[in-house]
Amino acid sequence: ALYAFLAAYLLVLLGIGGAAYRRRRQANRVGSKASAYFGGSYSSRLLGLTTFSSIFSGYTIAGIPSEAYEDGFLSLRWLPGGVCMALSMLLFSPRLRRLSVDRCYTSPNDFIKDRFRYTPLTLMCTFLMTAPQIFFCTVQFVSFGSMLSNLTLGAIPEWLCRVIFGVVVLWMERLGGMHSVVLSDAVQGVLMILGFVIVPIFVMGHYGSLGSMASASCSSCEIVRVDGPAMDPLSVPDVCQWPGLEPGQCPSGGMDRINQTLPVGCVLSGCLPHVPGLYAYPDLSSLFQMLFFMVNLLALPLNPHMIQRMYIASDDSALRAVVMELCLAPFLVMMPGIIIGLTKRVYEKQWPMASQMASAFAGVNMELMRKGVVEYGVVSVFTCGALAAIMSTADSVILGVSCTLSYDIYKDILRPGASSGHLVNFSGLVSLALVVVSVCLGFVVDVRHFSTLLTLQNGLLLQAFPAYVSGLWFEISAVAVSLGCFSGLAVFAICFLYNLFTLVDEDVPETIWATLINVIVVFVASRYMEDVYDESTVNRRWGSQLAAEDINDAMADSLEPKYWVIPIALLIAVLSLPWWSHGGGEISSGVFGGFPDWGLIMLGATLVMSILGLAVAAAWRPGEALMDNSSEASSTE
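As a further point, take the overall build of the protein chain. The helix and strand inventory of the protein chain stands at 26 helices and 4 strands. For the protein chain, the residues scored as buried account for 58% of the 637 residues in total. Considering only contacts in the protein chain between residues 6 or more positions apart, those separated by 24 or more positions represent 85%. Summing over all exposed atoms, the protein chain offers an accessible surface of approximately 24500 Å²; the carbon and sulfur share of this is 66%.

Applying the stated criterion across every chain yields a total of 16 aromatic pairs. Taking the ring centre of Phe 116 as reference, the NZ or CZ of Arg 115 above it sits at 5.3 Å.

One non-glycine residue with positive phi stands out, namely Cys 104, at about 55 degrees. Here Cys 104 is to be found in the loop between α5 (78-102) and α6 (110-116). Judged by its relative accessible area of 24%, Cys 104 is partly exposed. Even without glycine at this site, Arg 117 takes up a positive phi of about 50 degrees. The residue Arg 117 is located in the loop between α6 and α7 (119-130) in this model.

Before going further, it helps to examine the environment of Ala 547. With respect to the helices, strands and loops of the structure, Ala 547 is situated in the loop between α23 (510-526) and α24 (548-554). In this structure, the C-alpha to C-alpha distance between Ala 547 and Asp 114, residues 433 residues apart in sequence, is 9.0 Å. Setting aside residues up to four positions removed in sequence, Ala 547 forms contacts with Arg 115 and Glu 475.

Next up on the list: the packing of helix α15 (residues 316-347) against helix α26 (residues 597-618). The N-to-C vectors of α15 and α26 enclose an angle of 165 degrees; their axes lie 8 Å apart at closest approach. With respect to α26, the axis of α15 lies roughly antiparallel. Judged by the sense of rotation from one axis to the other, the crossing of α15 with α26 is left-handed. Contact with α15, carried on its side by Arg 320, Val 323, Met 324, Cys 327, Leu 328, Phe 331 and Met 335, involves Leu 603, Thr 606, Leu 607, Ser 610, Gly 613, Leu 614, Ala 617 and Ala 618 of α26 and no other residues of that element. By residue class, the composition of the contact of α15 with α26 is 11 nonpolar, 3 polar and 1 charged.

On to helix α10 (residues 178-207). In this model, α10 (30 residues) spans 41 Å end to end at C-alpha, consistent with the 44 Å of a helix rising 1.5 Å per residue. The sharpest bend along α10 reaches about 25 degrees and sits at Gly 195. Following α10 by one or two positions, Gly 208 has its phi on the positive side, about 90 degrees.

So, on to the environment of His 206. Relative to the helices and strands, His 206 is located in helix α10. Taking the relative accessible area as the measure of exposure, His 206 reaches 34% and is therefore partly exposed. As a C-alpha pair, His 206 and Leu 368 span 162 residues in sequence and 8.2 Å in three-dimensional space.

Glancing now at the pattern of salt bridges. Side chains bearing opposite charge may pair, as long as their charged atoms lie close to each other. Summed over all chains, the structure comprises 12 salt bridges. Between Arg 95 and Glu 560 there is a salt bridge whose closest N-O contact spans 3.0 Å. Of the two residues, Arg 95 sits in helix α5 while Glu 560 sits in the loop between α24 and α25 (565-575), which places them 465 residues apart along the sequence. Taken individually, Arg 95 and Glu 560 each receive the classification buried, so the pair is uniform in this respect.

Packed helices, taken two at a time, are described by the angle between their axes plus the distance between the axes. For the pair helix α8 (residues 133-151) and helix α19 (residues 420-441), interaxial distance at closest approach is 8 Å and the crossing angle is 60 degrees. As summarised for this structure, α8 and α19 are arranged oblique, according to the angle between their axes. The two elements α8 and α19 cross, and the hand of that crossing is right-handed. Here Ile 134, Cys 137, Thr 138 and Phe 141 of α8 come into contact with α19, specifically with Leu 434, Val 435, Val 437, Ser 438, Val 439 and Leu 441. Tallied by class, residues from the contact of α8 with α19 come to 8 nonpolar, 2 polar and no charged.

A word on the nonpolar core. One finds Phe 56, Ile 61, Phe 73, Leu 76, Phe 92, Phe 111 and Tyr 468 to be the most contacted residues of the largest nonpolar core, which totals 181 residues. In this structure Leu 76 touches Met 335, Ile 338, Phe 595, Gly 599, Met 602 and Leu 603, once residues within four positions along its chain are discounted.

Right, let's get into the environment of Val 424. Secondary-structure assignment places Val 424 in helix α19. Separated by 389 residues in sequence, Val 424 and Ser 35 place their C-alpha atoms 9.5 Å apart. In this structure Val 424 touches Arg 24, Lys 33, Ala 34, Tyr 37 and Arg 174, once residues within four positions along its chain are discounted.

Here we come to helix α9 (residues 158-176). Here α9 contains 19 residues, and its C-alpha end-to-end distance of 27 Å stays within 8% of the 27 Å for a straight helix at 1.5 Å per residue. Those residues of α9 that sit buried are Cys 161, Arg 162, Phe 165, Gly 166, Val 168, Val 169, Leu 170, Met 172, Glu 173 and Gly 176. With its phi angle positive at about 60 degrees, Gly 177 sits one or two positions after the end of α9.

What follows covers the side chain of Thr 126. If you trace the backbone, Thr 126 turns up in helix α7. Within polar-contact distance, the side chain of Thr 126 engages the side chain of Asn 109 at 3.0 Å. Reaching out from Thr 126, the side chain makes a polar contact with the backbone oxygen of Thr 122 at a distance of 2.8 Å. Those residues within four positions of Thr 126 in sequence are excluded, and the remaining contacts are Asn 109, Thr 404, Leu 405, Asp 408 and Ile 409.

Reading the values: the criteria
- Residues numbered from 1 in each chain as written.
- Predicted model: local features only at pLDDT ≥ 70, side-chain atom pairs only at ≥ 80, totals over all residues.
- Heavy atoms only, no water.
- Helix = DSSP H or I, 4+ residues; strand = E, 2+ residues; numbered from the N terminus.
- Buried < 20%, exposed > 50% of the residue type's maximum accessible area, 1.4 Å probe, protein only.
- Contact = heavy atoms within 4.5 Å.
- Areas by Shrake-Rupley, 256 points an atom, 1.4 Å probe, with all protein chains shown as cover.
- Phe/Tyr/Trp six-rings, centres within 6.5 Å; stacked < 30°, edge-to-face > 60°.
- Lys NZ or Arg CZ within 6 Å of the ring centre and 35° of its normal.
- Axes fitted to C-alpha atoms, helices over the stretch in contact; angles between N-to-C directions.
- Parallel < 35°, antiparallel > 145°, perpendicular 65-115°, else oblique.
- Left-handed = near helix turned anticlockwise from the far one by under 90°.
- Nonpolar A, V, L, I, M, F, W, Y, C, P; charged D, E, K, R; others polar.
- Expected span 1.5 Å × (residues − 1).
- Bend = angle between axes of the 7 residues up to and from the residue.
- Salt bridge = Lys/Arg side-chain N within 4 Å of Asp/Glu carboxyl O.
- Core = buried A, V, L, I, M, F, W, Y, C linked by side-chain atoms within 4.5 Å.
- Polar contact = N/O pair within 3.5 Å; in protein donor to acceptor, adjacent residues only side chain to side chain.

By themselves, these are just geometric observations and shouldn't be taken as functional.
Quick look at the structure:
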């Protein structure tokens, strides 16, 4: 039946590809081939679904459940981190969106070119924005391959799943470009949202809520034998018998005493307190990792495909609606992943070996599919939606990279007179190269590496953060910004190589040191460096160089968000971490609804951050004079 669902989805993709191709053909008649391939104009509903599907995919579907399985409640860092990402998007969106319409931007890096007119800085930002996408794209390929291979019980090897995935992604992109991405995202986004709502309900219905799994009268406890003879991968492990207890009952008392008296070869399963260290306070190293993880997520809106989402909004109000949705999204899409990961950690010893060996997401879904026809159907639809969302993210990432390199490298440097057709053809070569690299990296990367890859990805993107912030709000020397980017990248490379060869696990990751050096160099150099720009890079589309005063003038008819609220919300995220835990290791003094007290504080802080984000976004009143971004189609190529 699962194969039938997958086949049906491929047919849906075929229909979407055909519709996207027709849209692209129509766009070709009124504009250039490049604008029809890379651009478009989409309503708040379509924009919301494509942004949702592009952000919440491989990392969310496969990464969060796996992290919750491995690290327990430390995975709660994703919730405030998700709101930090939305707040960062709110910081950039109003001004970048307005400039993209007024100045007819096409490449995600056009703002840097227009604002600074300095070739070294343009090339530096092009590298900082595109190189991390190798990690991002690899995560999607690994997620897809792992999920599909697990669900077919290894009938399709992971490497073959990745190859098939790459072929379908390239095919969809060539058919419709951005239209394929957005239209497929609309279907996938609906399936994902339904799945994120319905699947946790079935999980809690069969396995209980976190509160019931943590209660003193936990009724799901079993004593399971783990050293029995080799079983069929689909056979359920035997239940051990404790003298004096009925089957399904567990002994009371402290875990130390219970572990000393457990029958040989048996373990407790089914209750949260039975997981060692699950309710311990995080140590200082873990606290720093949680903090810097949230800081790294501030860079996510600078991914090329995210900047493209700002360009293709039908108007500013559509983009504002998307930002407001993202402020609430962590509760919808990240909390279910944490519940799924914890459920597998608690129950897996009661499951067949095939489910135990699968990833957290795949293992829980495999067990739900064994519960009944309804569960099988729901999980199958959600799985198709999840696989499709991973595909849409890969499509978005690949299209964003190919667009950036096609304009910034091919047209601006290698072939200034390139036609729109040549740009589209070059982007196809870039897409093919990125797919091949991602497929190959899948042989050495697995789900356990996702958090590290996300840190590296956003850490590199953070080096472009000062360029965008300073360029949008201040008059600053292009040379100073360039020196900051170069210094940050150099420090990042040195620290990364040092940690790689010495195997030192530092509390402060190299991405943070690099960003601090970047900001300091920009600040110091800006006081002594005069502004210069490369005359040869002045683009005919823009005329005079964009200045901070011009940006303020462009926003004069808009009521911008209250930007000063954003640092307050970020400070709440920092203060929500349990810094009072005195080094960690100590067991939480209270458990409420299955969450440790420090975890509940983080949830409350995330809710406050979300409310502040909604208030800031609601205060954004775009100017009435802003026209639809259909002008993008008429930009010169």
